[in-house]
Amino acid sequence: AGPVQVQLVVPMAVVFAPGSVPGDLPRPLPFRDVQEMEISVNLRTSVTSRYEMRYRSTTAREEAALAAATAREADAALYPLQDTTLGSLTMYVVPETSSLLPQGINVYVGKHRSALLRAGGGLAALQARLREVTQLMSFTASSIAAALSDRVPDGQLGPDARRNLKSSLGYEITFSLLNPDPKSHTVDWDIEGAVNRFVKPVLDKLSLVANFSVDSQILYYAVLGVTPRYDKESSSFLLSAHSLPHVINPVEARLGSSAASLYPVLNFLLYVPERSHSPLYIQDKDGALVSTNAFHSPRWGGIMVYNVEAPASPQASLPLHVDVDMARVMEVFLAQLRLLFGLSREEVPPEFLLESPGNEGLADWELDHLLWAHAVENIATVSTTLTSLAQLLDKIGNIVIKDDVASEVYRAVASVQSAVTELSLGHLLAAFQASKEAVTCSERAFFDPSLLHLLYFPDDQKFAIYIPLFLPMAVPILLSLAKIVRETRLRKKEPTKMD
């Protein structure tokens, strides 16, 4: 893969409310400061992060907004006053005694692109806290390493690095309802309403990242690949953690969506267990029941088991009518969707309070988090694709490269250069869009039909095709050549007769 050198620049404003300015500032406000960090990937890939900080005091309007009763109200009031370009951050430092932040909470992260920090200690302590928040809200070394996972030696990656989906121009989401026992259960689910209500707002927000298509299906007589174990104590059936990987394969054969798809497919399965295996619960590694009764598989999707109440009287007529509680189901599927995109909020320090993103499903800064990672991944992908293409074309001596292929390659190179430049200027959106354009052009060039058939036409194949054609013609020619050679030799041997 070709060398990749990227500098990620995060424009940041650090705004001090009255009474929060540390005593040991190096010079009077306002002033600028830059902090750089090297993110180690490997020798051929260098990624630097550069935080360009602007320290200043609050304006009168910001001060009024910070006089709100709660952090949430302050965040809402500050939103119209701040820089909302993608990838930028605004940090408001409030006095140590401020009642905006609850007891024990030192950092409040809003749902846009700003955070409230409690002052405390000197400048060094503040900068350490700022570093923690900026890494949460923009990118961490590990999220960038995960984006470049193809270039990182295996031993250096954490277990979660390959869990996230690869960057793609589009994703297909399939919701499937599995009813293995239609004789016992008639299952109704309002999937259209649920997608419009719960999924659409999230995908609208993610539409910057990629195109999404959503479809749904109901599969009858589709069973899991594992027979659950009966547990006498709880008189229920259990699926243990180690058997979960085997659940997916037989079901996947019935899904049939990923074969025809250009893009990665995310499968979300709702499984209503058959009557003979009800109720069915999922156990984690320690043997405890999983509260959501669901599990997810990295880069593939998730499965949720939906148990049906047994009828009160044994004489109840079959099939039972089941109405699925879509709010409960979608809450689980959206959490799994966030996990697949690497937006889980598990590893947040205890003194941080994160505002819930509400029905949009992800905060503005989480969207930025994805864009940073995908922009870097796209740049690396394009450099790998173009390097491979160059190596391939080098190997094929007599290849003709058409103008349109050449122009796609030039556009890909220009777009990558522009993406790298925009990143170094701190323009995240422009950089991401250029990186997406570069991926499209490099793929078009790589898979161009005029190159494809030449790749599958090596020299030995040419011999195999032409020898049968030329051999019948060559035999008489070779025989007559041999005859001529023989005759000339004989002629030389015969002594010239002397009269």
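Where an unreviewed UniProt entry is consulted, the protein appears under the name PIGS transamidase, with the organism given as Rhodinocichla rosea. The record in UniProt for the protein states the following under Subcellular location (unreviewed entry): "Endoplasmic reticulum membrane". Entered under Sequence similarities (unreviewed entry) in the UniProt record, the comment concerning the protein runs "Belongs to the PIGS family."

What follows covers the overall build of the protein. Regarding its fold elements, the protein presents 12 helices and 17 strands. Taking 499 residues into account, the globule formula puts the C-alpha radius of gyration at 23 Å, and the protein, at 32 Å, lies well above it. Across its three principal directions, the C-alpha atoms of the protein cover 135 × 80 × 35 Å. Taking all 499 residues of the protein together, the buried fraction comes to 46%. In the protein, once contacts between residues fewer than 6 apart in sequence are set aside, the share between residues at least 24 apart is 75%. Roughly 26000 Å² of accessible area belongs to the protein as shown, and the carbon and sulfur atoms make up 56% of that amount. Within the protein, the 54 negative side-chain charges are centred at a point lying 9 Å from the centre of the 43 positive side-chain charges.

Further remarks concern the pairing of strand β8 (residues 185-188). Residues of β8 alternate between two faces, with His185 and Val187 buried on one and Thr186 and Asp188 left unburied on the opposite face. Bridge count for β8 against strand β16 (residues 320-323) is four bridges, and the pairing is parallel. Looking at β16, one finds that Asp188 is bridged to Asp323.

In total, this model carries 13 aromatic pairs according to the counting rule given. For the pair Phe31 and Tyr55, a centre-to-centre distance of 4.8 Å together with 20 degrees between the ring planes defines the contact as stacked. Taken together, the residues span a long stretch of sequence, with Phe31 in strand β2 (residues 31-42) and Tyr55 in strand β3 (residues 45-57) at a distance of 24 residues. Classification of Phe31 as buried rests on a relative accessible area of 8%. Judged by relative accessible area, which is 0%, Tyr55 ranks as buried. Consider the rings of Tyr51 and Phe139, whose centres lie 6.3 Å apart with planes at 20 degrees: the pair is stacked. You can see Tyr51 sitting in strand β3 and its partner Phe139 sitting in the loop between α3 (123-137) and α4 (141-147), a full 88 residues away along the chain. Of the two residues, Tyr51 and Phe139, both sit in the buried class.

Turning next to α3. Spanning 15 residues, α3 covers 21 Å between terminal C-alpha atoms, matching the ideal 21 Å at 1.5 Å per step. For α3, the set of buried residues is Leu123, Leu126, Gln127, Arg129, Leu130, Val133, Thr134, Leu136 and Met137.

What follows deals with the pattern of salt bridges. One pass over the structure, following the stated rule, counts 13 salt bridges. A salt bridge links Glu36 to Arg50; its shortest N-O distance comes to 2.7 Å. Linking Glu36 in strand β2 with Arg50 in strand β3, this pair joins segments that are 14 residues apart in sequence. A relative accessible area of 44% places Glu36 in the partly exposed class. The residue Glu355 makes a salt bridge to Arg72 at a minimum N-O spacing of 3.0 Å.

Here is what the cut-offs are and how they apply
- Residues numbered from 1 in each chain as written.
- Predicted model: local features only at pLDDT ≥ 70, side-chain atom pairs only at ≥ 80, totals over all residues.
- Heavy atoms only, no water.
- UniProt positions renumbered as here; feature names shortened; annotations may be inferred.
- Helix = DSSP H or I, 4+ residues; strand = E, 2+ residues; numbered from the N terminus.
- Rg over C-alpha atoms; globule rule 2.2 N^0.38 Å.
- Buried < 20%, exposed > 50% of the residue type's maximum accessible area, 1.4 Å probe, protein only.
- Contact = heavy atoms within 4.5 Å.
- Areas by Shrake-Rupley, 256 points an atom, 1.4 Å probe, with all protein chains shown as cover.
- Lys, Arg positive; Asp, Glu negative; His and termini not counted.
- Charge placed at Lys NZ, Arg CZ, Asp CG, Glu CD.
- Pairing = 2+ DSSP bridges.
- Phe/Tyr/Trp six-rings, centres within 6.5 Å; stacked < 30°, edge-to-face > 60°.
- Expected span 1.5 Å × (residues − 1).
- Salt bridge = Lys/Arg side-chain N within 4 Å of Asp/Glu carboxyl O.

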